Amino acid sequence: MIFILFIIAYILLGLVAWVNGDPRRVAYPTDSQGYFCGQKGTPNENKPILFYFNLLSCTSPSVVVNLQCPTRQICVSKCPERFLTYMEIQFRYRKDRNYWTYYSQFCKSAHLKPAKTLTQVLLDDDCPTAIFPSKPYLQRCFPDFSTKNGTLTVGNKTVFEDGSGKTRNAVELRAAANGINKVLDARAIGVKVFEDYATTWYWILIGLTIAMLLSWMFVILLRFTAGFLFWLFTFGVIGIIAYGIWHCYREYSSLQGQPDSHLTVYHIGIQTDISMYFQLKQTWFAFMIILCILEVFIILMLIFLRDRIRISIALLKEGSKAIGYIPTTLIYPVLTFIFLSICISYWAVIAVYLATSGVPIYKVTAPEGQCKHENKTCNPEIFNTTEIAKACPGAQCHFAFYGGKSLYHQYITTFQIFNLFIFLWLINFVIALGQCALAGAFASYYWALKKPDDIPPYPLFTAFGRAIRYHTGSLAFGSLILAVVQMFRLILEYLDKHLKEAQNNISKFLKCCLRCCFWCLEKAVKFLNRNAYVMIAIYGKNFCRSARDAFNLLMRNILKVAVMDRVTDFVLILGKILVAGCIGVLAFLLFTERLPMITEGPTSLNYYWVPLMTVIIGSYLIAHGFFSVYAMCIETIFICFCEDLERNDGSTEKPYFITPTLHGILNKKQLVSQKQKE
C-alpha cells in the first residue's frame, strides 16, 4: 500500500510539473528580459539568434557563477557583418540614415534615434557601443575569427575600436568569447554528437540487430554445446584483446617517428576534442599496457579455475535445458527493457519540467564583479531608479533563471530529490519483478519430477501473475532497501563534487571509506535480494523470512556458492564481452572507413568513437539481457538443488528432483536414480 501511495504521489507530481514547467526554456536562448528567441507566436519569432551588447564584459567571473554574461542580451534576426561604433553612426546619420537603419536592429528598440550621448547610451543600455563581424554559433552571435599569416583576426582586422574610445585586439575578444564558450562547450559537443548520430543511426541499428541475433544464436547453441561455446568464448575474447594489443602497438609505432611524438597528456591539458588524445603515443601505450594486463589476468584465471569450469559447464547445460523447455523466458528481457524505458523517460520528463518551472528571475550583474549587491534579485522595470543602480554604477538587472516564491517553487529541489528517489525505487522494482518471475518459472521446471511432462503450462506467465498478485509488497520492500542505499551513494557523490575544494586529507580519507562501504553494501544487498526473490518464488514467504532463509541456505553451502556463482558469472561475462567485442571490431572498421567492401558507409564524422561506443555498449546491454536470463536460471537451479539435497535423500519416498549427471558433479556422490531403486 505504501508503494502504491508513492506511485500515486509520483503521478501527481508529474501533473503539477507539467502544468508549471515549460521545456521550451531549454530549447530556445533567452534574452535579458526572459523572452525566448525564435519562438513561434511571439514578437521574437523571426529573431532566433541571441546578440550580446558588450561581449568583452563576458570575461567577468560572474559568467561562471551565474551562467550569464553581465551585459544586455537581445534577440536578433541575423548577426552583424561589419565594424561600426555608436559614435561613428552619430556622425554618419546626418548624411545617410541607412547606417542607422542597419545599426538599430541591434538596439533594444528599433524606433530609437542616435540623439543620445555615448554616456547616456551606456547608462540606459539602449544600444551596443560597437558591433563587429559575427556568425551564429549555437543560436548566439560570436565573433567571426580567422587566422591570417598566423595572426588571429576578426573580419580581417587585428585591432578595432570598442566604441568607448579604447582600441581592442582580436585576442581580447577571443578571451571574452571563451568566457561564454566554457558554458556552451557541453552543448557544442552535444550538437556534434547529434550530427554523428544522425549520420550513423542506420548503421547503429544494424549493429545492434546483429548483436541481438548473435546473442540469441549463442543462447540456443549453449543448450547443445555449452563446453564448446565456453572455449569459443574464451579464445574469442583472448583473440579480440590480442588484436587490440596489436592495433595499439601499431598506432604507437606509427606515432613514434612523428615530430610531436614527445607530447604527453600534460602538454595538451584538458581538451574538449577527444580525438586529440588519440594523436598521442602515450594514449596508445597506456591502452596497450591495460590490454596486456587484462590478457594475462584472463589466462591466469583459466589456468587456476580449470577444474571448477566443469561445474559451470554442467550448470550451463542444465540451464540451457530449462530455457529450452521454457523458451518464452528469452523474450522477457524485452518486457523489462520496456518497463525500464518508461521509468527512465518519465523521470527525465519530470526532471525537465521541474527545472523549467516558475517565472523569470532577474539578478544584479556587475561587469567588474565588484558590486556588493551582485547576484541579488531585482526588477528590470524599476532597476535604474533603485539604490542599487546608484551604489553600483554600471550594474544591470538581467534574467538569470526561472523560479518563484510560491510554496511549489520553494520545494522544487525537494521535488527533484523525490523524483530521483522514486525513480530508483521503480527501477529496482522492475528488475526485482523480472527476477522473481524468472525464478518462479525456472523453479517450476526444477520441481517437476518428470521433465517436461510435469512442467505446468505457461510457467512464465503464471509466475509473473503470481509475483504481481501475491509478492508486490515483498518486491517493493526489497527494492526500497536497495534504493535507499543507492540514494545515499548519490548524495555522497554530490557532496564530494561540490565540496572538493574544501576537503582536507582526513575528509578525503573518510569520503573514500564511505564510498567503498556503500559500494560494498549495495553489492551485498543486490546479492541477498536476488536470492531472496528466488525463495519468494519457491515458497511465497515475505521478504524478510525469504532473505533470512536464503542467507542461511547459502551459508550452509558456502563452498558450492563460491564455485558456482563466480565461475558461472565469469563464463557468462565472457559471452557478453565476445558479443560486444565482435560487433565493436566490425563497427570500428566501418566508422574508420577500413572496410573497402562497404563503399556507402558513414563518412566525415566529428567523433567516430561516439557511434562506436554506442554500438559496443548497446551490444553489451543486449547480450546482458539474454545472458541475464541464463544467470537467473542457473542461480535458481542452484538454490533449488541445495534445498533438494536438504529436503530429500534420493529414496523412493523422497527422490531427488535434479538430474543424476548434475548431482554427481556438484555433490560428488553417486546418485541412485529412481529407476534403479525400482
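Up top is the structure.
Below: a short report on this structure. Small disclaimer: the values here were computed from a predicted structure and weren't measured.

Reading guide: rules and limits
Residues numbered from 1 in each chain as written. Predicted model: local features only at pLDDT ≥ 70, side-chain atom pairs only at ≥ 80, totals over all residues. Heavy atoms only, no water. Helix = DSSP H or I, 4+ residues; strand = E, 2+ residues; numbered from the N terminus. Buried < 20%, exposed > 50% of the residue type's maximum accessible area, 1.4 Å probe, protein only. Contact = heavy atoms within 4.5 Å. Areas by Shrake-Rupley, 256 points an atom, 1.4 Å probe, with all protein chains shown as cover. Arc of directions from axis to C-beta. Pairing = 2+ DSSP bridges. Salt bridge = Lys/Arg side-chain N within 4 Å of Asp/Glu carboxyl O. Phe/Tyr/Trp six-rings, centres within 6.5 Å; stacked < 30°, edge-to-face > 60°.

1. A closer look at the overall build of the chain
Then, in step 1: Of regular secondary structure, the chain possesses 23 helices and 12 strands.
Then, in step 2: Taking all 678 residues of the chain together, 46% fall into the buried category.
Then, in step 3: Long-range pairs, those at least 24 residues apart, make up 71% of the contacts in the chain with a sequence separation of at least 6.
Then, in step 4: Taken as a whole, the chain presents about 36400 Å² of accessible surface, with 64% of it coming from carbon and sulfur.

2. What about helix α4 (residues 86-93)?
Then, in step 1: Listed as buried for α4 are Y86, I89 and Y93. Along the axis of α4, the buried positions cluster into a sector of 55 degrees, meaning they face one direction only.

3. With respect to the pairing of strand β5 (residues 134-137)
Then, in step 1: Here β5 runs beside strand β6 (residues 140-143); their pairing, made up of four bridges, is antiparallel. Looking at the pairing, P136 lines up with C141 of β6.
Then, in step 2: Hairpin geometry of β5 and β6 is characterised by an intervening segment of two residues between the two adjacent antiparallel strands and by a positive phi of about 55 degrees at L138.

4. Notes on the pattern of salt bridges
Then, in step 1: Throughout the structure, instances matching the rule amount to seven salt bridges.
Then, in step 2: One salt bridge in this structure joins E493 and R515, with 3.0 Å as the shortest N-O distance. Of this pair, E493 sits in helix α17 (residues 472-498) while R515 sits in helix α18 (residues 505-539), placing them 22 residues apart in sequence.
Then, in step 3: Among the residues examined, E493 registers a relative accessible area of 31% and is labelled partly exposed.
Then, in step 4: Taking the relative accessible area as the measure of exposure, R515 reaches 33% and is therefore partly exposed.
Then, in step 5: The network of salt bridges with common partners includes R489, E522 and K526.

5. Describing the packing of aromatic side chains
Ring pairs (aromatic) are described by centroid distance and by the angle formed between their planes.
Then, in step 1: Applying the stated criterion across every chain, the model contains 20 aromatic pairs.
Then, in step 2: Seen in terms of ring centroids, F421 and W425 are 6.1 Å apart; in terms of plane orientation they differ by 50 degrees. Their pairing is tilted. Of this pair, F421 and W425 both sit in helix α15 (residues 412-446), four residues apart, which is roughly one turn of that helix.
Then, in step 3: Judged by relative accessible area, W425 falls into the buried class, the value being 3%.
Then, in step 4: Geometrically, the ring pair formed by Y533 and F543 is tilted, given 6.3 Å between the ring centres and 50 degrees between the ring planes. Note that Y533 is positioned in helix α18 and F543 in helix α19 (residues 543-556), a separation of 10 residues in sequence.
Then, in step 5: Here Y533 falls in the buried class, since its relative accessible area comes to 2%.
Then, in step 6: Taking relative accessible area as the criterion, F543 reaches 7% and is therefore assigned buried.

The quantities given are spatial measurements derived from coordinates; they are silent on function.
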